[in-house]
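# Coordinate inspection notes
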Amino acid sequence: MDLDEWRNKIDDLDRQLLRLLSQRAELSFGIGRAKREAHAPVFAPERERALLDELVRLNPGPLPADAVRAIWSEIVSASRGLQQRFRVAHFGLAATFTHQAAVRHFGASAEYLPTRVIAEVFALVERADADVGVVPIENSTEGAVNHTLDCLVDSDLLVCGEIGLEIHHYLLSRARELGEVKRVYSHPQAIGQCREWLDRHLPDAETVETTTTAVAAERVAEDPSAAAIASELASRVYGVPVLRERIEDCAHNVTRFLVMGRQAAGPTGHDKTSLLFSIRDEVGTLHRILEPFATARLNLTRIESRPTRRRPWEYVFFVDFEGHQADPVTRGVLAAVRERCLYLKVLGSYPAAGRE
């Protein structure tokens, strides 16, 4: 066949795909009505994960699995938007890494609500001004995001999802050479993730902390003596050229984000559970609390301590482990742990990241 014949075949398939997508959209309207009548949430993370996993399993190729997930994630996003207006609050302005993670997870059809502080994400979801919220929780090189941990202590929201995003930092500036840069603006986590590069290439430049990387890009847009550490997308959004690419110290730099909502997520078979607890200040107490996890062979993926801010030297522990709180084994472990600590709060069970 010549090129025109190949293109005609593609055009025929595209028209068939459009008809099928229109039929799917009609069904989505019906599902939306059924959800409203049942007072069910429009976002069902366990259903969406099961759908994407099954499509990847059935994929005959040659499309790679990542492409299948990306295509159907947008189809699901559009269908969700047909059922109901879907609002996602996220920390930071457009082009922050949290915004990018949110769009990757919820697609282009969602409505995104940026916030200046993490606490406002929780407040928007708690007031039902947003359906879900996305906040950073930890970075593979810089550790926990303490503002999010503090909000988890006080909020009644549930963790209903997680997102892992590989982070690449860019130095944005209108300066022509590195020697012209006198100040570098960015979020403290981003500065920390690029500390060795800054010490090596800009040892005399002042570092100035900002609330987000996007705010940093805004600050330097008209100042050729300043630079921002931000994403490549921020360069396009705020019109600041890239002076140096991928300046992060660690090549495998990943940030984990939590999806916060008002409804619990059902089990998928590939889940995590997050909880927090406080303990008595006694020798061996932490060992006794963690013992049921080891006995049941539940894998702990994270443990973090944080001052409660209520009494001096009082700490709360954050734990993530593989499994869903609805699983019989997990229920038994949680019951045993509850008996051994002063206070226990299950923050939520949710589909584990890494399978998107």
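For the structure, see preceding data.
Residues numbered from 1 in each chain as written. Predicted model: local features only at pLDDT ≥ 70, side-chain atom pairs only at ≥ 80, totals over all residues. Heavy atoms only, no water.

All right, on to the packing of helix α5 (residues 118-126) against helix α6 (residues 146-154) then. Viewed as axis vectors pointing N to C, α5 and α6 meet at an angle of 35°, and their least axial separation amounts to 9 Å. Judged by the twist between their axes, the crossing of α5 over α6 is right-handed. Residues I118, A119 and F122 of α5 form the contact with α6, whose participating residues are H147, T148, C151 and L152. Across the contact of α5 with α6, the residue classes tally to 5 nonpolar, 2 polar and no charged. (Axes fitted to C-alpha atoms, helices over the stretch in contact; angles between N-to-C directions. Helix = DSSP H or I, 4+ residues; strand = E, 2+ residues; numbered from the N terminus. Left-handed = near helix turned anticlockwise from the far one by under 90°. Contact = heavy atoms within 4.5 Å. Nonpolar A, V, L, I, M, F, W, Y, C, P; charged D, E, K, R; others polar.)

As summarised here, the arrangement of the 5 strands in space is β8-β7-β9-β6-β10, forming an open sheet in which the pairing is mixed. Strand pairing shows two members of the sheet lacking a second neighbour, β8 (206-209) and β10 (242-244), which therefore form its edges. Neighbour-to-neighbour, the strand axes of the sheet open up by a mean angle of 35°, direction not taken into account. (Pairing = 2+ DSSP bridges.)

So, about unusual backbone geometry. Cis geometry is found at the peptide bond from G61 to P62, where omega equals 5°. Along the polypeptide, P62 turns up in the loop between α2 (45-58) and α3 (65-83). Of note, A95 is a non-glycine position whose phi angle comes to about 85°, a positive value. With respect to the helices and strands, A95 occurs in the loop between β1 (87-91) and α4 (97-106).

As a further point, take the nonpolar core. Counting residues in each nonpolar core, the largest one holds 25 residues, and the members touching the most others are F122, L152 and M260. Where this core is concerned, the elements lending two or more residues are β1, α5, β3 (132-139), α6, β11 (254-261), β14 (315-322) and β15 (343-351). For this core, the element with the most residues is α5, which contributes 5 residues. Here M260 is in contact with F122, V125, D131, V132, G133, V135, L152, L157, L158, V159 and C160, once residues within four sequence places are set aside. Counting residues in each nonpolar core, the second largest holds 19 residues, with F97, A101, Y112 and F257 among its members. (Core = buried A, V, L, I, M, F, W, Y, C linked by side-chain atoms within 4.5 Å. Buried < 20%, exposed > 50% of the residue type's maximum accessible area, 1.4 Å probe, protein only.)

With that settled, consider empty space enclosed by the protein. Under the definition given, this model contains 2 cavities of 30 Å³ or more. In this structure, the largest cavity occupies an estimated 260 Å³ of space. Along the wall of the largest cavity there are 18 residues; nearest its centre are F97, T98, P136, H187 and Q189. If you tally residues by element for the lining of the largest cavity, the top one is helix α7 (residues 188-193), at 3 residues. Here the lining of the largest cavity is built from residues that sort into 7 nonpolar, 11 polar and no charged. Taken as a whole, the second largest cavity encloses approximately 50 Å³ of empty space. What lines the second largest cavity is simply I137, L152, V159, R256, L258, S274, R302, F318, D320 and L347. Those elements that provide at least two residues to the lining of the second largest cavity are β11 and β14. (1 Å grid on protein atoms, 1.4 Å probe; cavity = no way out; pocket = protein on both sides within 12 Å on 5 of 7 lines; lining within 4 Å. Points joined across faces, edges and corners; volume = space filled by probe spheres on them.)

This paragraph deals with the sheet that holds strand β13 (residues 300-307). Strand order in the open sheet made by the 4 strands is β13-β14-β12-β15, with antiparallel pairing throughout. Bordering the open sheet on either side are β13 and β15, each of which pairs with just one other strand. Going from strand to strand, the sheet's axes swing by 15° on average, the running direction of each strand aside. Each of β12 (271-278), β13 and β14 touches helix α11 (residues 285-295); the most contacted strand, β13, lies at about 155° to it. Contacting β12, β14 and β15, helix α12 (residues 328-340) crosses the sheet at an angle of about 160° to β15.

Next up on the list: the packing of aromatic side chains. With the rule as written, the count across this model stands at 5 aromatic pairs. When the centroid spacing of 5.2 Å and the interplanar angle of 70° are considered together, the rings of F43 and F106 count as edge-to-face. On the criterion of sequence distance, the pair formed by F43 in the loop between α1 (3-38) and α2 and F106 in helix α4 is long-range, its members being 63 residues apart. With respect to burial, F43 and F106 carry one shared label: buried. Grouping aromatic residues by their ring pairs yields a cluster made of F43, F86 and F106. (Phe/Tyr/Trp six-rings, centres within 6.5 Å; stacked < 30°, edge-to-face > 60°.)

Worth remembering: the numbers are spatial, not functional.
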